[in-house]
Amino acid sequence: MMLKAVGCLMIVGASTTMGFSAANKYAKRPEELRALQTALQMLESEIAFTLNPLPEAFQRISTHVPDNIKQIFEHASYLLTQRTGMTAKEAWKISIDKAVPNMHLQKEDREVLIAFGNALGCSDTQSQIKNIHLTCSKLLMEEKNAQVLKDKNEKLCKNLGVLGGILVSLLFL
């Protein structure tokens with residue numbers, strides 16, 4: 001009997017962990033989208049006021065953002081400073097492709113970031129600023145959608161994890 005009780009506790013614990021892990025994905029996405037917006041606003045300041053070149057601007061931004069966002073800017077800066085002839089667009093896309101698997105972003109978020117990079121570094125200051133504003137507004141819409149999904153699914157995942165584990169445990173008893 002004791003062995004069954006320990007087994008049931010392990011099942012409930014494992015399923016609860018799975019539920020909380022799934023809920024965490026919904027909780028992290030809006031945070032990452034907010035951090036990306038902040039980073040892009042910093043980039044706007046770098047472009048508009050300090051007139052730093054992109055590699056330097058990316059490096060400066062990477063020191064003020066969370067680690068998962070930092071990866072994008074740090075890697076793009078690194079690629080651009082290698083002087084291999086890589087364009088800002090290519091460096092940005094490679095950096096996004098490298099960082100996104102470690103983040104909680106979805107396909108739509110990635111597409112917005114890639115679209116931002118398509119005009120990066122190939123137009124005047126005002127066009128760059130307009131591109132940043134457009135991207136920030138798109139990311140804001142994605143953030144609102146992510147928040148709705150979070151509100152809808154976070155509690156559901158947690159409860160399903162706990163209750164699913166209890167159900168499976170009851171079936172074994």
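In what follows, the structure referred to is the one given above.
Counting of residues starts from 1 at the beginning of each chain's written sequence and follows it residue by residue. At least 70 in pLDDT is required for a residue's local features to be given in this predicted model, at least 80 for side-chain atom pairs to be given and counted, and no such filter applies to totals for whole chains, interfaces and linings, which use all residues. Derived side-chain values reflect all non-hydrogen atoms in the structure, with water molecules and hydrogen atoms excluded from consideration.

### A look at the nonpolar core
- Side-chain atoms within 4.5 Å are what join buried Ala, Val, Leu, Ile, Met, Phe, Trp, Tyr and Cys residues into a set we call a nonpolar core. Between buried and exposed lies partly exposed: a residue is buried under 20% and exposed over 50% of the maximum accessible area for its type, with that area taken using a 1.4 Å probe on protein chains only. In this structure, Leu43, Phe58 and Trp92 are the most contacted members of the largest nonpolar core, which totals 35 residues.
- By definition, any uninterrupted DSSP run of H or I lasting at least four residues is a helix, any uninterrupted run of E lasting at least two residues is a strand, and each is numbered from the N terminus. At the level of secondary structure, the elements contributing two or more residues to this core comprise helix H1 (2–50), helix H2 (54–62), helix H3 (67–81), helix H4 (88–99), helix H5 (107–118) and helix H6 (125–172).
- Element by element, the count of residues in this core is highest for H1, at 7 residues.
- Beyond its immediate sequence surroundings of up to four residues, tryptophan 92 is in contact with Phe58, Ile72, Phe73, Ala76, Leu113, Ile114, Phe116, Gly117 and Leu120. Contacts: residue pairs with any heavy atoms within 4.5 Å of one another.

### As for the pattern of salt bridges
- Think of a salt bridge as a Lys or Arg side-chain nitrogen and an Asp or Glu carboxyl oxygen that are within 4 Å of each other. Taken as a whole and judged by the stated rule, the model has 11 salt bridges.
- A salt bridge links glutamate 142 to arginine 29; the nearest nitrogen and oxygen atoms lie 3.1 Å apart. Of this pair, glutamate 142 sits in helix H6 while arginine 29 is found in helix H1, placing the two residues 113 residues apart along the sequence.
- Accessibility expressed as a relative area gives 14% for glutamate 142, which makes it buried.
- We classify arginine 29 as buried; its relative accessible area is 4%.
- A salt bridge links glutamate 74 to lysine 70; the nearest nitrogen and oxygen atoms lie 3.9 Å apart. Residue glutamate 74 and its partner lysine 70 are both found in helix H3; the two are separated by 4 residues, about one turn of the helix.
- On the basis of relative accessibility, which here comes to 26%, the residue lysine 70 falls in the partly exposed class.

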